[in-house]
Amino acid sequence: MSRFFGQIRQAGYVVRDIEAAMDYWSRTLGIGPWFYNERVPIRNYSYRGESYEVHNSVALANSGPLQMELIQTRNDAPSMYRDFLQAGNTGLQHVAYWTEDYDADLERLLAQGFKPVMSGEVGEKGRFIYFDTEYHPGTVIELSEVAGPKGKMFDLIREASMGWDGSDPVRPFPDLSKL
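A quick note: this is a predicted structure, and the numbers were derived from the prediction, not measured. (Residues numbered from 1 in each chain as written. Predicted model: local features only at pLDDT ≥ 70, side-chain atom pairs only at ≥ 80, totals over all residues. Heavy atoms only, no water.)

Looking at this structure, how should I read the pairing of strand 3 (residues 43–47)?
Side chains on a regular strand alternate between the two faces of the sheet. Here three bridges tie strand 3 to strand 8 (residues 116–121), and the two strands are oriented antiparallel to one another. Following the sheet pairing, tyrosine 47 is matched in strand 8 by methionine 118. Bridge analysis of strand 3 against strand 4 (residues 50–51) gives two bridges, and the strand direction is antiparallel. If you follow tyrosine 47 over to strand 4, its bridge partner there is glutamate 50. What sits between the antiparallel neighbours strand 3 and strand 4 is a turn of two residues, in which arginine 48 has the positive phi angle 50°. (Pairing = 2+ DSSP bridges. Helix = DSSP H or I, 4+ residues; strand = E, 2+ residues; numbered from the N terminus.)

Laid out in structure tokens, this is it:
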């Protein structure tokens, strides 16, 4: 448990082939089912203060209370994921902490000196921000808002993992507008 953030809720892995990664994690590690979105609808995306159009594929599954995120960049838009790959890395890139009080937590972290690098939104009340905390690969910190439909989707994904029997290992993301 982090004294600054609380419980780590997600481990984010940057991969070069998300389909192969989902297959490996489900077959070899027994983690799933994976909820997959070939193009995550990210709004208001910013990297180092500049706006870009990103195309990222994401797959989410849980191992107990910890959510696993697989990320594949599909274009060359600047991002911390692209930087991670260009540095010759794959694997764990970030850990995420979830919040229902995003504004207050963000204000507190900024006051503590955390420096934002990358941010955006996935659905209503689904903002996220990554901080410049990479001491070594895998130590980037994400603060993720879960007060809206994204939080409900995360609950559905966790529930689907409980007692998962290995069937239907890759499923589509739920429609956030209907949650």
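Resuming the write-up.
Explain the nonpolar core here, please?
The biggest cluster of nonpolar side chains holds 29 residues, and the ones touching the most others in it are Ile42, Leu60, Met80, Met118, Tyr130 and Met153. Those residues within four positions of tyrosine 130 in sequence are excluded, and the remaining contacts are Glu69, Met80, Tyr81, Gln93, His94, Lys115, Pro116, Val117, Met118, Val140, Ile141 and Glu142. Of all hydrophobic cores here, the second largest spans 13 residues; its members include Ala11, Ala21, Met22 and Trp34. (Core = buried A, V, L, I, M, F, W, Y, C linked by side-chain atoms within 4.5 Å. Buried < 20%, exposed > 50% of the residue type's maximum accessible area, 1.4 Å probe, protein only. Contact = heavy atoms within 4.5 Å.)

Sorry if this is basic, but what is going on with unusual backbone geometry here?
With glycine set apart, most residues show a phi of negative sign, and most peptide bonds adopt trans. Note the cis peptide between glycine 32 and proline 33, where omega equals -5°. The phi angle at aspartate 168 is positive, at roughly 50°, despite the residue not being glycine. Mapped onto the fold, aspartate 168 is located in the loop between helix 4 (149–161) and strand 11 (170–172).

Hey, could you run me through the pattern of salt bridges in this one?
Two side chains that carry opposite charge are able to pair once their charged atoms sit near each other. The final tally for this structure, using the stated rule, is 10 salt bridges. In this structure, the salt-bridge partner of aspartate 23 is arginine 27, at a minimum N-O distance of 2.5 Å. With a gap of four residues between them, aspartate 23 and arginine 27 both fall in helix 1 (residues 18–27), about one helical turn apart. The class of aspartate 23 is partly exposed, set by a relative accessible area of 35%. (Salt bridge = Lys/Arg side-chain N within 4 Å of Asp/Glu carboxyl O.)

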